[in-house]
Amino acid sequence: MKKIGITCYPSVGGSGIIATELGKLLAEQGNEIHFITSSIPFRLTKIHPKIFYHEVELNHYPVFQYPPYDLALAAKMAEVIDQQKLDILHVHYAMPHAICAIMAKDIADHDVKIVTTLHGTDITVLGIDQTFKKIIKYGIEKSDAVTAVSESLVKQTVEMLDVNKEITTIYNFVNEEDYYKQHVPALRQQYGISNDEKVLIHISNFRKVKRVQDIIYAFKQIRNEVKSKLLLVGDGPEYADMVQLVDSLGLKEEVRFLGKQTNIRELLSIADLMLLLSEKESFGLVLLEAMLCGVPSIGTNVGGIPEVIEHDKTGYTVELGDIDAAANHAIEVLTDDQLMQRLSDNAFIQAKDKFASKKIVNHYQQLYDTVLTTN
Ligand code: GMT
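Residues numbered from 1 in each chain as written. Predicted model: local features only at pLDDT ≥ 70, side-chain atom pairs only at ≥ 80, totals over all residues. Heavy atoms only, no water.

Asks: Sorry, what's going on with the site of the ligand here?
Replies: In the neighbourhood of the ligand, 17 residues make up the surrounding shell, with Gly14, Ser15, His119, Arg207 and Glu281 lying closest. A distance of 2.8 Å separates an oxygen atom of the ligand from a polar atom in the side chain of tyrosine 93. The backbone of glycine 284 places a nitrogen or oxygen atom 3.0 Å from an oxygen atom of the ligand. The fraction of the free accessible surface of the ligand (480 Å²) that becomes covered by protein chains is 92%. Residue assignment places the shell around the ligand across two domains, with domain 1 (3–173 + 356–373) and domain 2 (185–353) each supplying three or more. (Near = heavy atom within 4 Å. Polar contact = N/O pair within 3.5 Å; in protein donor to acceptor, adjacent residues only side chain to side chain. Areas by Shrake-Rupley, 256 points an atom, 1.4 Å probe, with all protein chains shown as cover. Domains from an automatic or database assignment.)

Right, dumping it as structure tokens:
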């Protein structure tokens, strides 16, 4: 049994989901888990006797223009390391979490090992900024072990930051108990989807990198050939522009904007095909969620996406911005039942095998063991 501290961004997002689900599964294996976060991670909904939550409090002192989150987090981490005698502090996101963890390790009296998991945006977005480059590199190099969620992210981190540190790829996972195909015919009706219509789905935070407009343009072509509806799930900076684009293309009746939703499993259960045409994506957790529900995907040949979607086996990958290719593959899949069945079966098998939660959690456990037995 180990005592493991976990820090992540607790609000909605793939990294927060991974950190929380990892904590839950590690607790089920008998470890004691201490979440050190600014609010309760949104997926931490059930009480577990081996899971504890330590809140990082942000006080507004008049001398500070902004509350110092980083310092408050480092101080809380040091307090929890000493009080709980943590063996491992596993932080998700190098910036600022790895740096805070290193500071906390220096402040604390009890010895702790720092494991940092890179999720993508901390490198691909923040790493471009010269101001942060050195501090992210420092956080990575001073960690006792570093993991990244895809081979592509490892490569990118080494190239962009010139880091002198071994980075282990540990893929993301999804708890198989939460994602499976459900029979929900009423939901189709509620969204006005008729029996002869196919359903395409996109789920994201509607940031620019997700290129939601490419999905809408591809859908316009798909809709010309296949009777279908597009479900756009999520919210973010591009949302209003996307609503306008759908209006201007005359697709208001065919495209449903659902906003943020919690019951993704049910929505995936009525979907035939997932679209993720991002320009940056270290992994694309939604692809894996879809695969477990037997939904194949069309994604861009970008970042970690080709490690998740196996071209012509579990879906298709297309070049960034190649809307025609995305639409053509979608039309091919949606009009060929045999092809659809093959991709759907393969996607499900791949999710259960290559990305099995048990396998991934064991990989993290092995890494913790290695870190604890080496200086
Ligand atoms: O996609 C985002 O903008 C959110 C971000 C996050 O912090 O959750 O996602 C990143 O981490 C996920 C979990 O590892 C990955 O599945 C996403 O691909 C990655 N996003 C990007 O690389 C843009």
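Asks: What is the right way to read the sheet that holds strand β5 (residues 113–118) from this model?
Replies: Across a sheet, strands are paired by hydrogen bonds formed along the backbone, either parallel or antiparallel in direction. A sheet is described by the order of its strands in space; here seven strands give the open sequence β3-β2-β1-β4-β5-β6-β7, paired in parallel fashion. Two strands bound the open sheet, and with one partner strand each, they are β3 (51–55) and β7 (167–169). Across the sheet, the mean angle from the axis of one strand to that of its neighbour is 25°, orientation sign disregarded. (Pairing = 2+ DSSP bridges. Helix = DSSP H or I, 4+ residues; strand = E, 2+ residues; numbered from the N terminus. Axes fitted to C-alpha atoms, helices over the stretch in contact; angles between N-to-C directions.)

Asks: Could you clarify how one ought to interpret the domain arrangement of the protein in this entry?
Replies: Size of an interface, as often reported, equals the accessible area lost when the parts are brought together. Partitioning the protein into structural domains gives domain 1 (3–173 + 356–373) and domain 2 (185–353). One C-alpha centre belongs to domain 1, the other to domain 2; they are set 31 Å apart. Taken residue by residue, the interface counts 19 residues in domain 1 and 13 residues in domain 2. In total, domain 1 and domain 2 occlude about 1,200 Å² of area from one another, counting both sides; carbon and sulfur atoms represent 56% of this. Where domain 1 touches domain 2, the interface holds one salt bridge. For lysine 359, the salt bridge goes to aspartate 353, with nearest N and O atoms at 3.9 Å. At the junction of domain 1 and domain 2, the tally comes to eight residue pairs in polar contact (both at pLDDT 80 or more). Looking at the side of domain 1 that touches domain 2, the elements with two or more residues in it are α1 (14–28), α4 (121–124) and α6 (151–161). Residue composition of the side of domain 1 that touches domain 2, grouped by class: eight nonpolar, eight polar and three charged. (Contact = heavy atoms within 4.5 Å. Buried area = accessible area lost by both parts, 1.4 Å probe. Salt bridge = Lys/Arg side-chain N within 4 Å of Asp/Glu carboxyl O. Nonpolar A, V, L, I, M, F, W, Y, C, P; charged D, E, K, R; others polar.)

Asks: Is there a simple way to think about the packing of helix α3 (residues 94–107) against helix α5 (residues 130–142) in this case?
Replies: The description of two packed helices rests on the angle between their axes and on the distance between the axes. Running from N to C, α3 and α5 point in directions that differ by 50°, and their axes come no closer than 8 Å. Judged on the interaxial angle alone, α5 and α3 are oblique. When you trace α3 past α5, the crossing you get is left-handed. Side by side, α3 and α5 meet where Ala94, Met95, Ala98, Ile99 and Ile102 of the first sit next to Phe132, Ile135, Ile136, Tyr138, Gly139, Ile140 and Lys142 of the second. For the contact of α3 with α5, the residue count by class is 10 nonpolar, one polar and one charged. (Parallel < 35°, antiparallel > 145°, perpendicular 65-115°, else oblique. Left-handed = near helix turned anticlockwise from the far one by under 90°.)

Asks: Help me understand the sheet that holds strand β11 (residues 273–276) in this model?
Replies: With parallel pairing, the six strands of this open sheet are ordered in space as β10-β9-β8-β11-β12-β13. Both outer strands of the open sheet, β10 (255–259) and β13 (315–318), are each paired with one neighbouring strand and no more. The average angle at which neighbouring strand axes cross in this sheet is 20°, direction not considered. Pairing analysis gives four bridges linking strand β12 (residues 297–300) to β13, with the strands arranged parallel. Each residue of the ladder has a partner; that of threonine 300, found in β13, is valine 318. Packed on one face of the sheet, helix α11 (residues 285–292) meets β8 (198–203), β11 and β12 and runs near 175° to β11.

Asks: How should the pairing of strand β6 (residues 145–148) be read in this particular structure?
Replies: Two faces belong to every sheet, and in a regular strand the side chains alternate between them. Residues Ala145 and Thr147 of β6 are buried on one face, and the alternating residues Val146 and Ala148, pointing to the opposite face, are buried as well. Pairing of β5 with β6, which is carried by four bridges, proceeds in the parallel orientation. From the neighbouring strand, valine 115 faces β6, where its bridge partner is alanine 145. Sheet topology places β6 next to β7; three bridges connect them, and they run parallel. Bridge pairing links threonine 147 to threonine 168 in β7. (Buried < 20%, exposed > 50% of the residue type's maximum accessible area, 1.4 Å probe, protein only.)

Asks: Can you walk me through the pattern of salt bridges in this structure?
Replies: Inspection of every chain in the model, using the stated rule, returns 19 salt bridges. Two residues, arginine 223 and glutamate 197, come together in a salt bridge whose shortest N-O distance is 3.3 Å. On the criterion of sequence distance, the pair formed by arginine 223 in helix α8 (residues 212–225) and glutamate 197 in the loop between α7 (185–190) and β8 is long-range, its members being 26 residues apart. The class of glutamate 197 is buried, set by a relative accessible area of 6%. Put simply, lysine 313 and glutamate 310 hold a salt bridge, and the shortest N to O gap is 3.9 Å.

Asks: What is the right way to look at the packing of α1 against helix α15 (residues 357–373) in this model?
Replies: Contact pair α1 / α15: the axes reach a minimum separation of 11 Å and the direction vectors enclose 80°. Judged by the inter-axis angle, α1 sits roughly perpendicular to α15. Taken together, the residues of α15 that come into contact with α1 (itself represented by Leu22, Leu25 and Leu26) are Ser357, Val361, Tyr364, Gln365 and Tyr368.

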